[in-house]
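# Geometric and topological summary
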Amino acid sequence: MQSSLADTILIAHYGLATAMVCAQLLVLYALSNSPRAPAGLGFYSVYFMTALLAWIAFTVAEVANLEVAINVPAVAAMISSYVLLLAIMQRAEMRRGRYAAGICCTGACLAVFFLEPAPMLQAYVATTALFWGVLAAVSASRGWHSHNAGDSIMALGGVVMCAAMLALALPSMPSLATAVAPATAAGLAYALQGGAHVLAGVGFLASILVDQRQQLAQLTTLDPLTRLLNRRGLEKALHVTLATAERHNQSTAAVMLNVDHLRRLNDHFGADAGDKVLQQVSQCLEVECRASDVLSRYDGDTFLAILPNSDLAAARKLAERIRSRLADTSLQVDDQPIAATVSLGIAEALGAVSLDRLCKDAGLALQLAKRSGRNRVAAVEHRSLQISNSTAGL
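Residues numbered from 1 in each chain as written. Predicted model: local features only at pLDDT ≥ 70, side-chain atom pairs only at ≥ 80, totals over all residues. Heavy atoms only, no water.

## Considerations on the packing of helix α10 (residues 262-269) against helix α11 (residues 271-288)
Counted only if it meets this: In this description, a line fitted to the C-alpha atoms serves as the axis of each element, helices being fitted only across the stretch in contact, and the angle between N-to-C directions of two axes falls anywhere from 0 to 180 degrees. The helix count covers DSSP runs of H or I at least four residues long, the strand count covers runs of E at least two residues long, and both are numbered beginning at the N terminus. Relative orientations are named as follows: roughly parallel for angles under 35 degrees, roughly antiparallel for angles over 145 degrees, roughly perpendicular for angles from 65 to 115 degrees, and oblique for any other angle. Whether two residues touch is decided by their heavy atoms; if any such pair falls within 4.5 Å, the residues are in contact. Each residue receives one of three labels: charged for Asp, Glu, Lys and Arg, nonpolar for Ala, Val, Leu, Ile, Met, Phe, Trp, Tyr, Cys and Pro, and polar for the others, Gly being one of them.
It is at 6 Å that the axes of α10 and α11 come closest, and there the two elements cross at 135°. Compared by their axis directions, α10 and α11 come out oblique. Contacts from Leu262, Leu265, Asn266 and Phe269 of α10 reach α11 at Ala271, Ala273, Gly274, Val277 and Leu278. By residue class, the composition of the contact of α10 with α11 is seven nonpolar, two polar and no charged.

The structure is reproduced here in structure tokens:
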């Protein structure tokens, strides 16, 4: 009976080791075409190698019935748990606790030289349960905040590993030692450990794939240079805003901004200088506008800000602040200051309004500002056109 159980455990170890190798190969294959290595991938690769070393060492010891002074499988398992925790903490951008976990891992690994087998097992169980418990908490938190199912799978793997450590500790508990046979507890622990490692591999891969999908979705709605919304992202972001304005009959204002003579600047100083000007304009918009305002890079050198629940007067004040701020700021290119100015057009609509109509009115005002000498703010209303001739303010 014991021989049959041992054979079953041995076969399970071979199967789980094969599953781990396949999971790692799947991760590497899925990430082979990635232009940038995902966060935590290096630590995860080290975790995989040390975890595989632990399984191999344990299997060799079981088959050959070797008795060694140092419990190599336990040491490798604790190191792999620590490295996996580092990978998860790196993905969660969590810096605190790394050194404390490293000290804990080092102390537990050094304990193999001083502790008897029974206390060493307790140290291994406590250290592994601690690392995987923290891993489960960090993964669950990240999965909740980033809506990532892969992190949830990782958290489940951490819970399963904690259950495996509990199964290993059962024979040492006086109240449960007689109720659970040591061989049964060991077999359950080994099965749960293997399942936890498989969940870790699958969860890590799923987490990376979900992150890449989310990043791809952002790329379709964000301008890569300025990190503002593009036209597609603008339409999505304004769906609720315009519906609210229609329902409550609120005013919605628009500020359309165009960089003056950007093509001439590119010809004289290069495209990099033009890109820096565009980034400077986007940063100015983010500073001057409210959190509720929707900002976008509408075209190559044209920006658009939609101001919910704002009238033409508020839009005029904002546009003048932006114009004045940019006119007073020079960009340094090769130790040479470059002055870049902008022309702005503003428009307003009350109640139900379409984005196309609002953009058309703001565009008409922008063209008027350019024809009137640039570095100006112009406004368009359905009754009349108004323009400020002064560059000092309105």
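## A look at the state of the cysteines
For clarity, the threshold we go by: We call a pair of cysteine sulfur atoms a disulfide when they lie within 2.5 Å. Classification of residues uses two cut-offs on accessible area relative to the type maximum, computed with a 1.4 Å probe and protein chains only: under 20% is buried, over 50% is exposed, and between them is partly exposed.
Scanning all chains against the criterion turns up zero disulfides. Cysteine 109 provides the cysteine sulfur closest to cysteine 105, a residue in no disulfide bond, and the two sulfurs are 4.1 Å apart. Judged by its relative accessible area of 5%, cysteine 105 falls in the buried class.

## Thoughts on unusual backbone geometry
Positive phi, close to 55°, is recorded for glutamate 93, a residue that is not glycine. Turning to its location among the elements, glutamate 93 is positioned in the loop between α3 (72-91) and α4 (98-110). Look at arginine 227: it is not a glycine, yet its phi comes out positive at around 65°. Take arginine 227: it is sitting in the loop between α8 (182-219) and α9 (231-248). Arginine 227 gets classed as partly exposed once you look at its relative accessible area, which sits at 46%.

## A word on the nonpolar core
Threshold: Only buried residues count toward a nonpolar core. Its members are Ala, Val, Leu, Ile, Met, Phe, Trp, Tyr and Cys residues joined through side-chain atoms within 4.5 Å.
In terms of nonpolar packing, the biggest core is built from 46 residues, with Tyr47, Leu84, Tyr124, Trp132 and Phe204 touching the most fellow members. Counting only elements with at least two residues in this core, the list comes to α2 (41-64), α3, α4, α5 (117-146), α6 (149-169) and α8. Among the elements that line this core, the one with the most residues is α3, at 13 residues. In this structure leucine 84 touches Tyr44, Tyr47, Trp132, Leu135, Met154 and Ala200, once residues within four positions along its chain are discounted. By size, the runner-up hydrophobic cluster in this structure holds 32 residues, among which are Leu228, Val255, Val281 and Leu331.

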